[in-house]
Amino acid sequence: MLTPLPKESSEPLAWSGLLDQLQKSQTLATLVIAAWQMGLHIARILVEQQLNERAQQPTSWDDCPVCGHRLHSKGFASRQMLTLVGRVQWRRRVGRCPNGCAGSHSIPFDQVLGIEPYQQSSVELMRLGCLLAIFVPFELAAWLLAQLSGIRVSDDSLWQWVQQYGKQSTHNWEAAVEDWQKGHSPPVEDLSEALAAMPLLIAADGVTVPLRPQVGSPKGKTRWREVKVAILARLSHRVNQNGKQVTRLQQRRLVAVLGDMQRFQPRLQLEAIRQGVETAPKLSGSVTGHEASGDCLRIVLSSWQSVCSISIMRLLISGRPLRPIKMATQRVRLRCGLSGCAISCAMAMFIAFSTNSAG
Ligand SMILES: [Zn+2]
């Protein structure tokens, strides 16, 4: 939904103002936008109402981590957060050790809500901002976010969000790979019967991206480095209007690593297991120009050679065939506004978000 933005630093209109705006709307577009803003207003009221109501419930206090005394309530304190429906405020209990121990400050309701002590923006808003920042520069992502949601954040905030989730995602990946290397296989993602019966395609490629030569500074000559990317998808078939059978990629999952094959290979193998490589009826591998990616893919696929039939196709990662002459030299220049490890992290985060929001 494309929304006109209220003036800089203006407070959201009160209900009477919104109603007035609705009644004065003439065109369909202004009518829809006025109604949309009323919807956001109601959403904010509902969220705040729920938060304040739940915060009134009795709190069970932990013991002080320093002296072991049961923590006591020090009363209610206000909290606010920028969310997808605007800024919301509520009051909740804060607790502390009766002996005044340092570090005993506790807010159980924040933990229930899954928010961090100094968090200023809610996860669903950050998710949207990070997804936009994967595809366009930060300044443009901030503008798009404001157009789509009416929420203004700076491009610097978007950058911070990507860094935050990039680091978290990297940590999650590393922990999962470490677990797997110790012999703990990751759980296979839930698939419908129809999806599970489709062949699994794994395609790998390298994408050369421009990076800053020094962390935190745009000065100096651009450094081009390869991000190794793989897509894992189930293949479905349908007959189009011309009676021709066409293939569709379903259940797309991505793996991206800024680093060497030693880092890429276990991550790709891990995701392959998550995508049911061990039970897929048929396995296909697809590589493009970069021979190293192809070699890696062959190694990964060979792990399951005994259980699956493997065919290596030459296909662009989007699913379109690539002209052979272009394959070896093509440089896909991703000016996506991400720098350093943020590219691979953001891609990985995108997978996490996509996975969590799948279905
Ligand atoms: Zn204490």
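Note that the coordinates shown come from a computational prediction; the quantities given were computed from them, not determined experimentally.

Here's the deal with unusual backbone geometry
Working step 1: Although it is not a glycine, Q251 sits at a positive phi angle of roughly 50°.
Working step 2: One can find Q251 in strand β5 (residues 245-258).

A short note on the nonpolar core
Working step 1: In this structure, L200, I202, V227, A230 and L232 are the most contacted members of the largest nonpolar core, which totals 25 residues.
Working step 2: At the level of secondary structure, the elements contributing two or more residues to this core comprise β3 (200-211), β4 (223-239), β5, α8 (261-274) and α9 (291-302).
Working step 3: Broken down by element, this core gets its largest block of residues, seven residues, from β3.
Working step 4: If you look at the next biggest cluster of nonpolar residues, it comprises 17 residues, including L125, A142, I151 and W161.

Focus on helix α6 (residues 155-181)
Working step 1: Here α6 is 27 residues long and its end C-alpha atoms lie 38 Å apart, about the 39 Å a rise of 1.5 Å per residue gives.
Working step 2: Turning to α6, its buried residues number three or more, namely L158, W161, V162, Y165, G166, S169 and W173.
Working step 3: Directly after α6, the chain includes G183, whose backbone phi takes a positive value near 105°.

Some points on the pairing of β4
It is a general feature of regular strands that their side chains alternate between the two faces of the sheet.
Working step 1: Both β3 and β4 contribute to a ladder of twelve bridges, which runs antiparallel. Looking at β4, one finds that T208 is bridged to E226.
Working step 2: Pairing analysis gives twelve bridges linking β4 to β5, with the strands arranged antiparallel. The residue bridging H237 from the neighbouring strand is T247, located in β5.
Working step 3: Once β4 ends, the chain turns through five residues before running back antiparallel as β5, passing G243 with a positive phi of about 75°.

Quick look at the environment of V239
Working step 1: Looking at the secondary structure, you find V239 in strand β4.
Working step 2: Once residues lying within four places of it in the same chain are set aside, the contact partners of V239 are K244 and Q245.

Considering the packing of helix α4 (residues 123-135) against α6
Working step 1: The N-to-C vectors of α4 and α6 enclose an angle of 95°; their axes lie 9 Å apart at closest approach. Considered as vectors, α4 and α6 are oriented roughly perpendicular to each other. Along the contact surface, α4 presents M126, G129, C130 and A133, while α6 presents L158, W161, V162 and Y165.
Working step 2: Classifying every residue of the contact of α4 with α6 by side-chain character gives seven nonpolar, one polar and no charged.

Notes on the pairing of strand β1 (residues 72-83)
Working step 1: Two elements, β1 and strand β2 (residues 86-96), share ten bridges in a ladder whose sense is antiparallel. Considered in β2, the bridge of R79 is made with W90.
Working step 2: The hairpin turn running from β1 into β2, its antiparallel successor, is two residues long.

Examining the packing of helix α5 (residues 138-149) against α6
Working step 1: Packing of α5 against α6 leaves a shortest axis separation of 8 Å and a crossing angle of 105°. When the interaxial angle is binned, α5 and α6 end up roughly perpendicular. Within the contact between the two elements, α5 uses F138, E139, A141 and A142 and α6 uses D155, L158 and W159.
Working step 2: For the contact of α5 with α6, the residue count by class is five nonpolar, no polar and two charged.

Each value, and the rule that gives it
- Residues numbered from 1 in each chain as written.
- Predicted model: local features only at pLDDT ≥ 70, side-chain atom pairs only at ≥ 80, totals over all residues.
- Helix = DSSP H or I, 4+ residues; strand = E, 2+ residues; numbered from the N terminus.
- Core = buried A, V, L, I, M, F, W, Y, C linked by C-beta atoms within 7 Å.
- Buried ≥ 20, exposed ≤ 12 C-beta atoms within 10 Å, placed from the backbone.
- Expected span 1.5 Å × (residues − 1).
- Pairing = 2+ DSSP bridges.
- Contact = placed C-beta atoms within 7 Å.
- Axes fitted to C-alpha atoms, helices over the stretch in contact; angles between N-to-C directions.
- Parallel < 35°, antiparallel > 145°, perpendicular 65-115°, else oblique.
- Nonpolar A, V, L, I, M, F, W, Y, C, P; charged D, E, K, R; others polar.

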